[in-house]
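Single-letter residue listing:
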Amino acid sequence: MRRICIVLLTVASVFSVWGHTAPLPVDSSEVDTVSAALATVWGSHITPVLQNKYPGNETASAEFVKGIADAFNVSSEQEPYYQGILQGFTVMERLEQMKELGFPIDRNSFLASLAKALAGGETGFTPTTADRYLSDYMSRKYEQQLAADTLSMESQRRFIEQQAARDGVVTTPSGLLFEVITEGEGEGPSLDDAVAVTYTGKLYNGEIFDDSEGQEVTFPVSGLVPGFTQGLLMMKPGGTYRIIIPSELGYGSKGTAGVIPGNAALDFTITLHRVLKR
């Protein structure tokens, strides 16, 4: 919402360039034309924003115009309420961002304390002490996460060491662990090829994070994380293999949101069905 409001100010800035301090003379014969021109300019900016925010929603633009029409009819007594709605979208966005950073936030508790703060009531904080508390909270959470990440890295290291010590496991110069379960035949893929595979991907604790469920999946060899690509280049059609990918050859310290933790080693069992030459 804030982005749209900023866009709507761009046409008004033209008048400041002209230097007018008084309203321009009104030509009643051009009221509809001027209105249509302004609507066209604003609409050209608003349309992509609505399409991006509400993809596939065919009624979004009509609802948006309805909201503007309602705003035109807001009385002075109602204005604080509608200002609250307008600010509410920004507040919700900020709170969601803070929750993603690890702040525990309850909507009802927040609203109750906000009502007290705006009315001059007691929330248990001053602005200064509130800032300090939030800063300290974030510092504590950062230290806890750092400790957890360190523990995770140690767990991954031990897992890789244990797997590397098993018979039949080869450790490549890059650190990838490669094991032949059933050797295939024929020419393996190159970086320019694609492959048809079935696979199961696990974390070090055995948790499955991805599984083709027996269905062949086609990948470009060069379009994958480095460890997966390196492993494919060592396989032959018809064979089944296990590769263990250290995090630096996988998704690194960041992982992928909600799927793969940071610093995770990836344990794949892969059957290479076909090489698709390009």
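From a predicted model like this one, the values you see are computed outputs, not experimental measurements.

Observations concerning the overall build of the chain
Part 1 of the argument: Across its full length, the chain carries eight helices and seven strands.
Part 2 of the argument: Long-range pairs, those at least 24 residues apart, make up 66% of the contacts in the chain with a sequence separation of at least 6.
Part 3 of the argument: Here the chain has roughly 18700 Å² of accessible surface; of this, 57% comes from carbon and sulfur atoms.

Focus on the pairing of strand β3 (residues 194-202)
Part 1 of the argument: Counting buried residues along β3, seven of its nine residues qualify, which places the element largely inside the surrounding structure.
Part 2 of the argument: Where β3 lies against strand β5 (residues 217-220), four bridges are found, and the strand directions are antiparallel. Looking at the pairing, Ala196 lines up with Thr218 of β5.
Part 3 of the argument: The pairing of β3 with strand β7 (residues 266-276) spans nine bridges and is classified as antiparallel.

Structural notes on the nonpolar core
Part 1 of the argument: Val197, Met235, Ile243, Ile245, Leu266, Phe268 and Ile270 are the most contacted members of the largest nonpolar core, which has 24 residues in total.
Part 2 of the argument: Of all the elements in the fold, those that place two or more residues in this core are β3, α8 (226-232), β6 (240-245) and β7.
Part 3 of the argument: By residue number, the principal contributor to this core is β7, which donates five residues.
Part 4 of the argument: With sequence-adjacent residues up to four places away left out, Ile243 is seen in contact with Leu176, Leu177, Phe178, Gly227, Phe228, Gly231, Met235, Leu266, Asp267, Phe268 and Ile270.
Part 5 of the argument: Of all hydrophobic cores here, the second largest spans six residues; its members include Phe159, Ile160, Val169 and Ala265.

Comments concerning the pattern of salt bridges
Here the idea is simple: oppositely charged side chains can pair when their charged atoms come close.
Part 1 of the argument: Summed over the entire model, instances satisfying the criterion amount to nine salt bridges.
Part 2 of the argument: Residue Lys277 is joined to Glu187 by a salt bridge in which the shortest nitrogen-to-oxygen separation is 3.3 Å. Linking Lys277 in the segment after β7 with Glu187 in the loop between β2 (177-182) and β3, this pair joins segments that are 90 residues apart in sequence.
Part 3 of the argument: A residue is classified by how much of its surface remains accessible, and Lys277, at 49% relative accessible area, is partly exposed.
Part 4 of the argument: Three or more residues joined by partner-sharing salt bridges are found here, namely Glu154, Arg157, Arg158 and Glu161.

Overview of a nonpolar patch on the surface
Part 1 of the argument: A grouping of Tyr81, Tyr82, Ile85, Phe89 and Met92 is seen on the molecular surface, where their side chains present a nonpolar patch of about 510 Å² in accessible area.
Part 2 of the argument: With respect to the secondary-structure elements, Tyr82 resides in helix α5 (residues 79-100).

Remarks on the layout of surface pockets
Part 1 of the argument: Here the second largest pocket is characterised by a volume of approximately 840 Å³.
Part 2 of the argument: Around the second largest pocket, the lining comprises 23 residues; the ones closest to its centre are Phe110, Ser113, Phe125, Ala130 and Leu134.
Part 3 of the argument: Elements supplying a minimum of two residues to the lining of the second largest pocket: α5, α6 (107-118) and α7 (127-164).
Part 4 of the argument: It is α6 that provides the largest number of residues to the lining of the second largest pocket, a total of six residues.
Part 5 of the argument: For the lining of the second largest pocket, the per-class residue count stands at 16 nonpolar, five polar and two charged.

Quick look at unusual backbone geometry
Part 1 of the argument: Despite not being glycine, Glu213 has its phi angle at roughly 55°, a positive value.
Part 2 of the argument: Among the structural elements, Glu213 can be located in the loop between β4 (208-211) and β5.
Part 3 of the argument: Assessed through its relative accessible area of 66%, Glu213 is described here as exposed.
Part 4 of the argument: For Asn263, which is not a glycine, the phi torsion comes out positive at approximately 65°.
Part 5 of the argument: Structurally, Asn263 can be placed in the loop between β6 and β7.
Part 6 of the argument: The exposure class assigned to Asn263 is buried, which follows from its relative accessible area of 11%.

Here we look at the side chain of Gln156
Part 1 of the argument: Among the secondary structure elements, Gln156 is positioned in helix α7.
Part 2 of the argument: Of note is the side chain of Gln156, whose polar atom sits 2.9 Å from the backbone nitrogen of Ala265.

As for the confidence of the model for the chain
Part 1 of the argument: Averaged over the chain, the pLDDT score is 87; the fraction of residues at 70 or greater is 89%.
Part 2 of the argument: For the stretch residues 1-18, pLDDT sits under 50, and the model shows 21 contacts to residues farther than four places along the chain or on other chains.

Looking at the environment of Gly231
Part 1 of the argument: Mapped onto the fold, Gly231 is located in helix α8.
Part 2 of the argument: Each C-alpha atom, one on Gly231 and one on Ile243, is 6.5 Å from the other, the two residues being 12 residues apart in sequence.
Part 3 of the argument: Not counting residues within four places of it along the chain, the set of residues in contact with Gly231 comprises Leu176, Phe178 and Ile243.

Each value, and the rule that gives it
- Residues numbered from 1 in each chain as written.
- Predicted model: local features only at pLDDT ≥ 70, side-chain atom pairs only at ≥ 80, totals over all residues.
- Heavy atoms only, no water.
- Helix = DSSP H or I, 4+ residues; strand = E, 2+ residues; numbered from the N terminus.
- Contact = heavy atoms within 4.5 Å.
- Areas by Shrake-Rupley, 256 points an atom, 1.4 Å probe, with all protein chains shown as cover.
- Buried < 20%, exposed > 50% of the residue type's maximum accessible area, 1.4 Å probe, protein only.
- Pairing = 2+ DSSP bridges.
- Core = buried A, V, L, I, M, F, W, Y, C linked by side-chain atoms within 4.5 Å.
- Salt bridge = Lys/Arg side-chain N within 4 Å of Asp/Glu carboxyl O.
- Patch = residues over 30% accessible without salt bridge, like charges linked within 9 Å, V, L, I, M, F, W, Y side chains within 5 Å.
- 1 Å grid on protein atoms, 1.4 Å probe; cavity = no way out; pocket = protein on both sides within 12 Å on 5 of 7 lines; lining within 4 Å.
- Points joined across faces, edges and corners; volume = space filled by probe spheres on them.
- Nonpolar A, V, L, I, M, F, W, Y, C, P; charged D, E, K, R; others polar.
- Polar contact = N/O pair within 3.5 Å; in protein donor to acceptor, adjacent residues only side chain to side chain.
- pLDDT = per-residue confidence, 0-100.

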